[in-house]
Amino acid sequence: MEGGVCLRVGATTRHADLEWARTLAVEYSERGYDRTVCRGRTASREEIDDLCSKMHETALSRCRNDEERHSVRKVGIPQLCSWGILVERDGDILPANAFFLLAGTAFDMPLVQCAIFRGTSRAVFFDRQEFDGSLAEQIEGAYALVNQKINVGADLNGAVRRDVYELPLWPVREIIANAVLHRTYLSSGYVQVALYDDRLEISSPGGIPRGLTMRQALDGRSEFRNKGLAQAFHYMKLGAAAFPVS
């Protein structure tokens with residue numbers, strides 16, 4: 001750090017600015033940003049119980065049948081500690097950054113920005129909405145907007161009419177959830193969802209997580225920048241995490 005931090009960009013080596021150096025230091029740390037204790041903030045037992053209840057409600061809402069609902073157990077302090085969302089230190093329970101992101105109460109809480117364009121470029125702007133609140137609420141809000149704005153046709157084969165969307169809905173939710181989960185929360189940028197006449201584009205701040213090349217990503221390999229959030233997403237059945245819940 002004293003001699004400067006350098007980045008390899010293509011065939012050149014460049015000095016990193018202070019923001020990049022801070023980002024690299026945190027992301028290469030053992031805990032990462034999401035599982036690092038949030039400085040200057042505490043969480044009361046009521047706040048912890050409220051987050052656990054909301055996570056449980058989200059998990060239940062994503063179940064497909066009663067059998068799945070009966071298998072969902074409410075999380076508590078032990079589970080949040082094992083995932084790194086809470087940190088036990090010297091007998092105290094301290095909230096990590098992930099706690100406030102999941103609760104929707106983080107300082108400078110990031111948003112999901114959605115824009116609807118007419119045509120295949122950004123020349124004609126039709127609608128724009130921003131979704132705040134908890135990360136789960138942001139995902140649901142963005143997904144609902146895309147679901148509302150895309151075209152719907154009808155399959156009239158057989159006795160029952162079936163709606164046919166121009167985009168498959170399950171992958172849309174999956175991509176939005178992945179963008180929220182895998183972004184870097186050290187950046188002030190927002191996840192952006194842009195719907196055009198011919199495509200849906202979703203961008204997320206942070207680029208490819210460390211230890212992963214573009215070729216590995218295209219081959220299906222996964223690396224998690226935010227491991228605590230990944231565990232929470234898996235529990236809530238948001239569809240973006242592959243971590244087993246312990």
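Overview of the structure.

Parameters at a glance
Residues numbered from 1 in each chain as written. Predicted model: local features only at pLDDT ≥ 70, side-chain atom pairs only at ≥ 80, totals over all residues. Heavy atoms only, no water. Helix = DSSP H or I, 4+ residues; strand = E, 2+ residues; numbered from the N terminus. Buried < 20%, exposed > 50% of the residue type's maximum accessible area, 1.4 Å probe, protein only. Contact = heavy atoms within 4.5 Å. Areas by Shrake-Rupley, 256 points an atom, 1.4 Å probe, with all protein chains shown as cover. Axes fitted to C-alpha atoms, helices over the stretch in contact; angles between N-to-C directions. Left-handed = near helix turned anticlockwise from the far one by under 90°. Pairing = 2+ DSSP bridges.

**Considering the overall build of the protein**
Helix and strand content of the protein: nine helices and ten strands. Taken across its 246 residues, the protein has 41% of its residues classed as buried. Looking at the protein alone, contacts between residues at least 24 apart form 55% of all its contacts between residues at least 6 apart. Element-wise, carbon and sulfur atoms account for 50% of the exposed surface of the protein, whose accessible area totals about 14400 Å².

**Let's talk about the packing of helix α6 (residues 135-149) against helix α7 (residues 169-182)**
Taken N-terminus to C-terminus, the directions of α6 and α7 make an angle of 145°; their axes are 10 Å apart at the nearest point. At the point where α6 passes α7, the crossing takes the right-handed sense. Residues Leu135, Ile139, Glu140, Ala142, Tyr143, Val146 and Asn147 of α6 lie in contact with α7, whose contacting residues are Leu169, Val172, Arg173, Ile176, Ala177 and Val180.

**Looking at the sheet that holds strand β5 (residues 112-118)**
Two modes of strand pairing occur in sheets, parallel and antiparallel, and in both the strands are linked by backbone hydrogen bonds. Spatially, four strands are ordered β6-β5-β9-β10 in an open sheet, and the strand pairing comes out mixed. One side of each edge strand has no neighbouring strand; the edge strands of this open sheet are β6 (124-131) and β10 (200-203). Within the sheet, the average angular offset between the axes of one strand and its neighbour, ignoring direction, is 15°. As defined by bridge partners, β5 adjoins strand β9 (residues 191-195) across five bridges and the pair is classed as parallel. Pairing of Ile116 across the sheet is with Leu195, part of β9. Its contacts with the sheet place α6 against β5, β6, β9 and β10, and it is angled at close to 150° to β6. Together, β5, β9 and β10 form the strand contacts of α7, whose direction differs from that of β10 by roughly 20°.

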